[in-house]
Amino acid sequence: TFIGKDGTETELNKGSEDKDPSQRSRSPRATSKATLIDGKDAKKGDDKKDKTGTGSEASTAASAAPAGAQHGGKSGRRRGDDQVIEGIAKLSLNTAQRLREVENAVIESWVFPSDHQIIKALADTGKRYHDLCAGKTDHKYGPPHVHKWGTLMRCLQEAKPPSDSRHDIIVAFEVVYAHYQQLEKFDLEDMAELCRHCRTKTCREQKDKVARTRLFYAINTSCSIGPRMAHRPIDLDMAVKLMLQQAGGTKSLGPAPPSMLEKQVGNWLATSKSD
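Model, not experiment: these values are computed from the prediction. (Residues numbered from 1 in each chain as written. Predicted model: local features only at pLDDT ≥ 70, side-chain atom pairs only at ≥ 80, totals over all residues. Heavy atoms only, no water.)

A short note on the sheet that holds strand S1 (residues 108-113)
Thinking step 1. With antiparallel pairing, the four strands of this open sheet are ordered in space as S2-S3-S1-S4. The open sheet has two edge strands with one neighbour each: strand S2 (195-202) and strand S4 (250-251).
Thinking step 2. One ladder, built from seven bridges, connects S2 with strand S3 (residues 212-219); its direction is antiparallel. Paired with Cys195 across the two strands is Ile219, which belongs to S3.
Thinking step 3. Contacting S1, S2 and S3, helix H7 (residues 117-133) runs over the sheet at an angle of about 110 degrees to S1.
Thinking step 4. Along the sheet, helix H8 (residues 144-158) contacts S2 and S3; its crossing angle with S2, the most-contacted strand, is approximately 80 degrees. (Pairing = 2+ DSSP bridges. Helix = DSSP H or I, 4+ residues; strand = E, 2+ residues; numbered from the N terminus. Contact = heavy atoms within 4.5 Å. Axes fitted to C-alpha atoms, helices over the stretch in contact; angles between N-to-C directions.)

What to know about the packing of H7 against H8
The axes of two packed helices give the description: the angle between them and the distance between them.
Thinking step 1. Where H7 meets H8, the axes come as close as 9 Å, and the angle between the chain directions of the two elements is 150 degrees. As for the relative orientation of H7 and H8, their crossing is right-handed in sense. Listed contacts from H8 to Ile118, Ala121, Leu122, Thr125, Gly126 and Tyr129 of H7 are Pro144, His147, Lys148, Thr151, Leu152, Arg154, Cys155 and Leu156.
Thinking step 2. Of the residues that constitute the contact of H7 with H8, the class distribution is eight nonpolar, four polar and two charged. (Left-handed = near helix turned anticlockwise from the far one by under 90°. Nonpolar A, V, L, I, M, F, W, Y, C, P; charged D, E, K, R; others polar.)

Considerations on the packing of aromatic side chains
Thinking step 1. Enumeration over the complete set of coordinates arrives at two aromatic pairs.
Thinking step 2. Here Phe173 and Tyr177 contribute two aromatic rings whose centre-to-centre distance is 6.0 Å and whose plane-to-plane angle is 35 degrees, an arrangement assigned as tilted. Of this pair, Phe173 and Tyr177 both sit in helix H9 (residues 167-183), four residues apart, which is roughly one turn of the helix.
Thinking step 3. Classification of Phe173 by relative accessible area gives buried; the value is 11%. (Phe/Tyr/Trp six-rings, centres within 6.5 Å; stacked < 30°, edge-to-face > 60°. Buried < 20%, exposed > 50% of the residue type's maximum accessible area, 1.4 Å probe, protein only.)

Printed below as a string of structure tokens:
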């Protein structure tokens, strides 16, 4: 039914088990205590060592500790926290950039004026789907992008090109028209296999420019539906592109620009470096 128009053992710290042989003979249980990580006696001994510290061990520990740690460690911990935060910010920017590149490789993106009939029809389908399925988990309508794909095909097959149009445009229309006529014969699994993604997103407003909306879609023409179109000289993917261009859409080239959040994180990184 379409919604459209109508767990290993670990080694201990070697510093705790490599003791002087003379000390080992006077203290026969030293080794066993050192291996009892959760033992009560070993814990007491560790606490005493931590509090007093003797001879070269204490001096070595003091000299090895960072300057900030010898004076409470607050400044050292603060610097460490700042490095972690900066690393997370850089990783976020890198991930966002790679994600935009992947989306550009697998998802088609077209820009239309926000008042275009295709954009309005897709918005109406999304609203009707929400009204029918919101809060329900046992509905029979499947995912929303399947219905938006059906709406997109309906709009394209309604825009019949003039008879004197280029031959590839006429063939593209025939492919889209035949595909739309077959849609209601497919079940939701077939449709979800064909159309992987279909949605719209309003572009950021630009001064003195008409409001625009971006159309995203991704189809798998190698699925079971594809061979039914094998006799056509133009496959469904190319036909849809030609018809979107004919309808006034502009294909987006290259990855999407950085989002507002990416810009904010980038500005914060630049400011923190200058400080």
